[in-house]
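As a plain string of letters, each chain reads:
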Amino acid sequence: MPELPEVETVRRGFHELVAGRQFSQVEVYRDRLVRTQLGGPSEFRARLLGQNIEGVARRGKFMWLALANGQAMVVHLGMSGQIRPLTKEQAAGPARRHERVRFWFQDATEELAGFSFIDQRTFGSLQVCDTVPTSDGFPAGWPLASTHLPLPAAKIARDLLDPYLDTAAVINNWKQRVAPIKTLLLAQNVVSGFGNIYADEALFAAKVRGTTPAGALSHKKLQDILDQGARIMTDSLSRGGTSFDALYVDVNGESGTFADYLQVYGRAKQPCRVCGQELKVIQLAKRSHHYCVSCQRSRSLPRLEGK
DNA sequence: AGCCCGACCTGAAAGC
DNA sequence: TGCTTTCAGGTCGGGC
């Protein structure tokens, strides 16, 4: 499932594919994929035709194509979104299974004539929109220098691989929250990029059970969760991310190999690699939470002061 | 505002 | 065997 390392893997290939090119044609095969577009599919198409692409930026799990006119095409992979290049022959053929949107380049060659957005479960989305300045004045997304970000990404916090992430502010926010720490890791508005896999892995590495109220954890513990999360995501990125099946692949159709290194996610009933205890899975915030009963101790609720 | 929960969607896998 | 139910996931919008 595309979380930060998977999205960044895709972004790198996507950037190589589109930087410096121009859209000559766009076709939406499934309207649902542009459901967030003001004006619908026709507006989506109209705002892209003839536009030059400067590059691809990313914040958390959101990517966007920076267009030369200052607008941006936001791309979210959802659960099963993929970006795949098209040869001239493929670009002239009919839509493939699960192909939802197709894009053609002005300067088409035999080997590269455009690309497709493929998405089995259609949780992904595409949208062309205006951009707004970042609230902190720093670059909006990795790795472009522009300090303007697309409107839908404005509510998304910086991620753990973003050099401008204010980790002290993240911890201060968490210290004042009573929600389970895992719920806060999955929300994207304080720190972004975590999905169910890396949230569980970071919590295991920091020896924190996901049900623990964030405010009950020490400053040091919260810092450790961020440190472990950054380390794990960096590791995963170096291996092309986590693939369980053909739903997550990079722009070349290659799977990542980090699934082999997961400590808890998807390992319920198997032995903990640290202590040998049988790993457990519970429902938390309507998501599965995998953890080790003995390595990740249960913690008491915080004592609320006064009032 | 913080927090929780249902809806969205598809296909694989499990249940009957 | 074949039909039905369950499950997985990220984000959004609604309710309290």
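Everything numeric in this text was worked out from a predicted model, so none of it was measured. (Residues numbered from 1 in each chain as written. Chains lettered and ligands numbered in written order. Predicted model: local features only at pLDDT ≥ 70, side-chain atom pairs only at ≥ 80, totals over all residues. Heavy atoms only, no water.)

Undergrad: If you had to explain the nonpolar core to someone new, which residues and values would you point to?
TA: Formed by 31 residues in total, the largest nonpolar core has its most connected members in Phe 14, Phe 44, Val 75, Phe 103 and Phe 115. In terms of residue count, the dominant contributor to this core is helix H1 (residues 4-18) (5 residues). The residues touching Phe 44, leaving out its near neighbours within four places in the chain, are Val 26, Val 28, Val 34, Gln 37, Met 73, Val 101, Phe 103, Leu 126, Gln 127 and Val 128. Judged by nonpolar contacts, the second largest core, of 30 residues, contains Leu 165, Val 170, Trp 174 and Leu 184. (Core = buried A, V, L, I, M, F, W, Y, C linked by side-chain atoms within 4.5 Å. Buried < 20%, exposed > 50% of the residue type's maximum accessible area, 1.4 Å probe, protein only. Helix = DSSP H or I, 4+ residues; strand = E, 2+ residues; numbered from the N terminus. Contact = heavy atoms within 4.5 Å.)

Undergrad: Residues and numbers for the packing of helix H4 (residues 167-175) against helix H7 (residues 219-238), please.
TA: Running from amino to carboxyl end, H4 crosses H7 at an angle of 125°, the nearest separation of the two axes being 10 Å. Judged on the interaxial angle alone, H7 and H4 are oblique. The interaxial crossing formed by H4 with H7 has right-handed handedness. The segment H4 lies against H7, with Thr 167, Val 170, Ile 171, Trp 174 and Lys 175 engaging His 219, Leu 222, Gln 223 and Leu 226. In the contact of H4 with H7, the residues fall into 5 nonpolar, 3 polar and 1 charged. (Axes fitted to C-alpha atoms, helices over the stretch in contact; angles between N-to-C directions. Parallel < 35°, antiparallel > 145°, perpendicular 65-115°, else oblique. Left-handed = near helix turned anticlockwise from the far one by under 90°. Nonpolar A, V, L, I, M, F, W, Y, C, P; charged D, E, K, R; others polar.)

Undergrad: Give a description of the protein's contact with DNA strand B that names residues and reports values.
TA: Taken together, Arg 30, Arg 32, Arg 97, His 98, Gln 120, Arg 121, Thr 122, Phe 123, Arg 177, Val 178, Ala 179 and Lys 286 make up all the residues around DNA strand B. When the atoms of DNA strand B within 4 Å of the protein are grouped by moiety, sugar and phosphate amount to 76% of the total. For DNA strand B, a phosphate oxygen lies 3.3 Å from a polar atom in the side chain of Arg 97. (Near = heavy atom within 4 Å. Polar contact = N/O pair within 3.5 Å; in protein donor to acceptor, adjacent residues only side chain to side chain.)

Undergrad: How would you summarise the sheet that holds strand E4 (residues 72-76) if you had to cite specific residues and measurements?
TA: As a general point, the strands of a sheet are linked pairwise by backbone hydrogen bonds and lie either parallel or antiparallel. An order of E2-E3-E4-E8 is seen for the 4 strands of this open sheet, with the pairing classed as antiparallel. Each having just a single partner strand, strand E2 (53-59) and strand E8 (125-129) make up the two edges of the open sheet. Across this sheet, the average inter-strand angle for adjacent strands is 20°, counted without regard to direction. In this structure, E4 lies alongside E8, joined through 5 bridges in antiparallel fashion. Residue pairing across strands places Met 73 opposite Val 128, the latter belonging to E8. In the packing of H1 onto the sheet, the strands contacted are E2, strand E3 (62-67) and E4, and the crossing angle to E2 comes to about 175°. Against the sheet, helix H2 (residues 40-48) touches E3, E4 and E8, its axis set at about 60° to E8. (Pairing = 2+ DSSP bridges.)

Undergrad: With reference to specific residues and values, describe H1.
TA: End to end, H1 covers 20 Å across 15 residues, agreeing with the expected 21 Å (1.5 Å per residue, within 8%). Once H1 ends, the next one or two residues include Gly 20, with phi positive near 85°. (Expected span 1.5 Å × (residues − 1).)

Undergrad: Summarise the layout of surface pockets; cite the residues concerned and give the values.
TA: If you add up the space inside the largest pocket, you get close to 550 Å³. Taken together, 22 residues form the lining of the largest pocket, with Lys 61, Gly 78, Met 79, Gly 195 and Arg 287 sitting closest to its centre. Of all elements in the fold, only helix H6 (196-205) and strand E12 (287-291) reach the threshold of two or more residues within the lining of the largest pocket. The class makeup of the residues in the lining of the largest pocket is 10 nonpolar, 8 polar and 4 charged. Here the lining of the largest pocket gathers at least three residues from each of two domains, domain 1 (4-153) and domain 2 (167-291). (1 Å grid on protein atoms, 1.4 Å probe; cavity = no way out; pocket = protein on both sides within 12 Å on 5 of 7 lines; lining within 4 Å. Points joined across faces, edges and corners; volume = space filled by probe spheres on them. Domains from an automatic or database assignment.)

Undergrad: With reference to specific residues and values, describe unusual backbone geometry.
TA: Here the residue pair Trp 142 and Pro 143 is connected by a cis peptide bond, since its omega of 0° sits within 30 degrees of zero. The topology assignment puts Pro 143 in the loop between strand E9 (131-133) and strand E10 (148-150). Unlike most non-glycine residues, Thr 122 shows phi in positive territory, near 55°. Even without a glycine there, the phi angle at Ala 285 is positive, about 55°. Along the chain, Ala 285 falls in the loop between strand E11 (280-284) and E12. Residue Ala 285 is classed as partly exposed on the basis of its relative accessible area, which comes to 45%.

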